[in-house]
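Listed below are the residues making up each chain.
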Amino acid sequence: MQSSRDIDALVSALTRSEKLSLVCGTVDPEGTATGYLAGVDRLDIPPFHLVDGPLGVRAEGERATAFPASIATAASFDPDLGHDQGRAMAREATALGQDALLAPGVNIVRVPQCGRNFEYLSEDPVLAGDVGAALVSGIESTGVLATVKHFVANNQESARTSVSAEVDERTLRELYLPPFRAAVDAGVGSVMTGYNRVNGSYMSDHAELVGDVLKDEWGFDGYVVSDWYGLATTVGAATAGLDLEMPGVALDTETSNDDGSLDEFEWPDGIPDATHAGLFGEPLSAAIDEGAVPPDRLDDMVRRVLGGMARTGLLGDGSVRADGALDTPAHRALATRVATRGTVLLENDGVLPLADGTDIAVIGPHVTEPKLGGGGSSETTPFEATTPAEGLSERADGTVTVTHGIPEIESVSLFDLLPFVEGGHDEGEWNDEDHDRSMDTAVEAAAAADVAVVFVRDATTEGKDRDSLSLPGQQDELIEAVAAANDRTVVVVRSGGPVELPWRDDVAAILEAWYPGQADGDAAAAVLYGDSDPGGRLPVTFAPAEDYPATDERQFPGVDGSAHYDEGVFVGYRHFDRTDTAPTYPFGHGHSYATFEYRSVTETDDGIEVTVENTSDRPGREVVQAYVRPPASPVERPLRELAAFESIELDAGESRSLSLSLDELARSYYDPDDGWVVDDGPHTVEIGRSARDVRLTVEYDG
Ligand code: NOJ
């Protein structure tokens, strides 16, 4: 690996224009990378390839393992699994000739409507931080760079390229910054700024957050990259601390569409202006000549970019880089494992797991398609995928009938908003048009079966927020009709985040599978038949839309260009506790097929030790959660905050102890004058199965 002295020597040897070529992207001649630097041949600096992004590798024109949506990875409450997924994605990136992965996305799920919640992790900063950091360390364990995004308070797609998040410092420190800090502490090589503004300043140009907090205070020594076409101004960004502009080149402004050239094209809300690029090319050179940007700053940018390249082995002998591996049996198995581990059993009256020999009716408008992900830059095209119909037909040994019931739900993609860009993958290739789409056929099939399994989905995308939390189309009606015909109806929901489930009292079981990726049908079958325990717990609260905190237009989507984060730190379960509102399903909720008793808890030197017993006659996985309740405080604090979690697999009848170390974040609050403060007095630690299912408590003096 290149030493820092070598990098300094390289920087001195580079001409001004060579330096500029290392901080401003250009077109990948092979057309596979999402972002590309050509390198400097004269000094043996090779090209550098950056590629999307969190659900697998999206190299243009290539296939790769399509992992479940990030929110499913977080639902596993299993950072080790996140590490494995990061490692696998990175090895695929290497196999596809890429060097930096534009993942993970760690923005806090602030509003359930956000179109990109499926790409993010949680409403809770400790869970998002732990899983995000694990993804980072997994990616980087192979020598590929991770890119944590989108820094910071990029929590909505409505007006995402211009909205200003008006958020106070305490809230930023306690909620929105910690997952980024966790990624930096895990050694992340690059940070991508969001399109949005924070307190008026574009994030690309945010001197306080990029320069002071990220770089100076946290000591981040990698490079900061703009989101694509998301660099606001040359001087503002360069002096704030942005290091690399991507993609660096404008879309061809001569490109015609129905309305004329792109220059005149009216960019839809949520789509960045792709003619605004090249600000770190000649304009940066001019700004240096004019004295508006110190020349040292350009050297620092180059040093950081070269440092990233060196970490990927590109400037040395390549020995730090793990071998590439694409679509291996291990990666396929891992995609299935993440999907089953992330699946949350919301309700079960005993119908699940399905017994062998059960006759089932598989129903839903998309049962002959896999639900790979949401729309936008994370769309990954797999080599193979199983549909719910295939997965269940293969696993079941009773009769299986397959009906669609209702017409397909219209899919939405960022690319649909742009007439001149081709869409992402075509889910239609798995479509089987032979099936009937009448509700009557579905109801007949349900009535004739022992169990009806209805698969439903929402349709979310980057670039657009959801209008409502209801399932689109006639899916609610379909479920009601099927449930009326068969009282053993199971619903499998695939959604990018919380959805409303108005029929939940009328069905026998509900699984939340998020967007399961290529393993869709296999994972659904494994969980439905109990071959895998439904390992997931909710990383976000489920509730009716009007019960969430940011219901005022001023808060979301904002007024006059600003979204006011008036709810402060009271996001997700913190809000439901504050208002004493019962959610539909609380944060952390999820059943196992096994049952558990929490036997004891004791305080240890750096946390607590909990003993849990599997009281059922089958193995199962429990996610033990510890929440901290602060003592009396001079500021209003959340009633409880997640401080630690740990999963444990227990055989039938087995009892074991596990230790949890409590995250300081949960015990402290941020005072803008004094910094982090831990209130005096004993803290109560609640140990339980969700934020609303406390089984044991202990006083913690720490
Ligand atoms: C815009 C998205 O916000 C970002 O997440 C992605 O990595 C880039 N486009 C590149 O596709």
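As a reminder, the structure under discussion sits directly above these lines.
Owing to the predicted nature of the structure, the values given are computational and were not obtained by experimental measurement.

Enquirer: Could you give an account of the overall build of the protein, naming the residues involved and the relevant values?
Expert: If you tally the helices and strands in the protein, you get 18 helices and 27 strands. The C-alpha atoms of the protein give 25 Å as radius of gyration, which agrees with the globular expectation for 702 residues (27 Å, within 12%). Once the C-alpha set of the protein is aligned to its principal axes, its extents read approximately 75 × 65 × 50 Å. Taken over 702 residues, the protein has a buried fraction of 62%. Intrachain contacts of the protein at a sequence separation of at least 6 include 77% that bridge at least 24 residues. Counting only carbon and sulfur atoms, one obtains 43% of the accessible surface of the protein, whose full area is about 23800 Å². Put simply, the protein has 49 plus and 127 minus side-chain charges, and the middle of one group is 5 Å from the middle of the other.

Enquirer: Please provide a residue-by-residue account of the nonpolar core, values included.
Expert: One finds Phe151, Phe280, Leu284 and Leu306 to be the most contacted residues of the largest nonpolar core, which totals 111 residues. Per-element accounting of this core gives the leading share, seven residues, to helix α11 (residues 295-311). Ignoring any residue separated from it by four or fewer positions in sequence, one finds Leu306 in contact with Ile7, Leu10, Val11, Leu14, Leu22, Ile45 and Leu315.

Enquirer: Hey, could you go over a negative patch on the surface for me, with residue numbers and the actual values?
Expert: There is a patch of like negative charges on the surface, built from Glu603, Asp605, Asp606, Glu699 and Asp701. For Asp605, the position within the fold is in the loop between β19 (596-604) and β20 (607-614).

Enquirer: Which residues make up unusual backbone geometry, and what are the values?
Expert: Put simply, Asp52 and Gly53 share a cis peptide bond, and its omega is -15 degrees. By secondary structure assignment, the location of Gly53 is in the loop between β2 (48-52) and α3 (70-75). For Ala159, which is not glycine, the phi torsion reads 50 degrees and is therefore positive. Along the polypeptide, Ala159 turns up in the loop between β4 (145-151) and β5 (164-166). A positive phi angle, near 50 degrees, is found at Asn199, a position not held by glycine. Relative to the assigned elements, Asn199 resides in the loop between β7 (197-198) and β8 (201-202).

Enquirer: Hey, could you go over the packing of helix α12 (residues 329-342) against helix α16 (residues 520-528) for me, with residue numbers and the actual values?
Expert: Interhelical geometry of α12 versus α16 gives an angle of 50 degrees and a closest axis separation of 9 Å. In terms of axis orientation, α12 runs oblique to α16. Viewed along their axes, α12 and α16 form a crossing whose handedness is right-handed. Side by side, α12 and α16 meet where Thr336, Ala339 and Thr340 of the first sit next to Asp522, Ala523, Ala526 and Val527 of the second.

Enquirer: Describe the pattern of salt bridges, and please don't skip the residues or the numbers.
Expert: Under the defined criterion, the tally for this structure stands at 49 salt bridges. Note that Arg304 is salt-bridged to Asp300, the shortest N-O span being 3.3 Å. With a gap of four residues between them, Arg304 and Asp300 both fall in helix α11, about one helical turn apart. The exposure class assigned to Arg304 is buried, which follows from its relative accessible area of 14%. Since its relative accessible area comes to 23%, Asp300 is described here as partly exposed. Overlapping salt bridges, with partners in common, bring together Arg116, Glu119, Glu157, Arg160 and Glu462 in one network.

Enquirer: Describe the packing of aromatic side chains, with residues and values.
Expert: According to the stated counting rule, one finds twelve aromatic pairs in the structure shown. With a centroid separation of 5.3 Å and an interplanar angle of 65 degrees, the aromatic rings of Tyr176 and Tyr565 are classed as edge-to-face. Pair noted here: Tyr176 is in helix α6 (residues 169-176) and Tyr565 is in the loop between β18 (562-564) and α17 (573-578), with a separation of 389 residues, a long-range link. Given the relative accessible area of 1%, Tyr176 is considered buried. For Tyr565, a relative accessible area of 4% translates into the label buried. Consider the rings of Tyr548 and Phe576, whose centres lie 5.5 Å apart with planes at 90 degrees: the pair is edge-to-face.

Enquirer: Account for the pairing of strand β26 (residues 683-690), with residues named and values stated.
Expert: Here β26 lies mainly inside the structure; seven of its eight residues are buried. With five bridges connecting them, strand β21 (residues 620-629) and β26 associate as antiparallel partners. What sits directly across from Tyr627, in β26, is Glu686. Across seven bridges, β26 lies against strand β27 (residues 693-700) in antiparallel orientation. By the bridge assignment for β27, Val685 is matched with Val698.

Enquirer: Explain the site of the ligand residue by residue, including any values.
Expert: Around the ligand, the structure places 14 residues, and the nearest of them are Asp52, Arg116, Lys149, His150 and Asp227. Its free accessible area being 300 Å², the ligand has 94% of it covered by the protein chains. Residue composition of the shell around the ligand, by class: four nonpolar, three polar and seven charged.

Enquirer: Outline the sheet that holds β2, supporting the account with residue identities and numerical values.
Expert: Across the sheet, six strands lie side by side as β1-β2-β3-β4-β6-β9; this open sheet has mixed pairing. Each of the sheet's edge strands pairs with one partner strand only, and the pair in question is β1 (35-37) and β9 (223-225). Taken over all neighbouring pairs, the strand axes of this sheet differ in orientation by 25 degrees on average, direction set aside. Where β4 meets strand β6 (residues 190-193), three bridges bridge the pair, whose relative direction is parallel. By the bridge assignment, Phe151 is partnered in β6 with Thr193.

Enquirer: Please give an account of the side chain of Arg457 that cites residues and values.
Expert: Topologically, Arg457 is positioned in strand β15 (residues 451-457). Polar side-chain contacts of Arg457 include one of 3.4 Å to the side chain of His366.

Enquirer: Please set out the sheet that holds β26 residue by residue, giving values where relevant.
Expert: Each strand in a sheet pairs with its neighbour through backbone hydrogen bonds, running either in the same direction (parallel) or in the opposite one (antiparallel). The four strands lie next to each other as β22-β21-β26-β27, forming an open sheet whose pairing is antiparallel. Looking at strand neighbours, the two that pair on one side only are β22 (641-650) and β27, the edges of this open sheet. Pairwise comparison of adjacent strand axes, ignoring direction, gives a mean angle of 25 degrees for this sheet.

Enquirer: So what's going on with the environment of Leu660? Which residues, and what values?
Expert: Turning to its location among the elements, Leu660 is positioned in strand β23 (residues 655-661). On the basis of relative accessibility, which here comes to 3%, the residue Leu660 falls in the buried class. Measuring from C-alpha to C-alpha, the distance between Leu660 and Gly278 comes to 49 Å, with 382 residues separating the pair along the chain. Setting aside residues up to four positions removed in sequence, Leu660 forms contacts with Asp606, Gly607, Ile608, Val610, Val624, Ala644, Phe645 and Glu646.

So, how was this worked out
- Residues numbered from 1 in each chain as written.
- Predicted model: local features only at pLDDT ≥ 70, side-chain atom pairs only at ≥ 80, totals over all residues.
- Heavy atoms only, no water.
- Helix = DSSP H or I, 4+ residues; strand = E, 2+ residues; numbered from the N terminus.
- Rg over C-alpha atoms; globule rule 2.2 N^0.38 Å.
- Buried < 20%, exposed > 50% of the residue type's maximum accessible area, 1.4 Å probe, protein only.
- Contact = heavy atoms within 4.5 Å.
- Areas by Shrake-Rupley, 256 points an atom, 1.4 Å probe, with all protein chains shown as cover.
- Lys, Arg positive; Asp, Glu negative; His and termini not counted.
- Charge placed at Lys NZ, Arg CZ, Asp CG, Glu CD.
- Core = buried A, V, L, I, M, F, W, Y, C linked by side-chain atoms within 4.5 Å.
- Patch = residues over 30% accessible without salt bridge, like charges linked within 9 Å, V, L, I, M, F, W, Y side chains within 5 Å.
- Salt bridge = Lys/Arg side-chain N within 4 Å of Asp/Glu carboxyl O.
- Axes fitted to C-alpha atoms, helices over the stretch in contact; angles between N-to-C directions.
- Parallel < 35°, antiparallel > 145°, perpendicular 65-115°, else oblique.
- Left-handed = near helix turned anticlockwise from the far one by under 90°.
- Phe/Tyr/Trp six-rings, centres within 6.5 Å; stacked < 30°, edge-to-face > 60°.
- Pairing = 2+ DSSP bridges.
- Near = heavy atom within 4 Å.
- Nonpolar A, V, L, I, M, F, W, Y, C, P; charged D, E, K, R; others polar.
- Polar contact = N/O pair within 3.5 Å; in protein donor to acceptor, adjacent residues only side chain to side chain.

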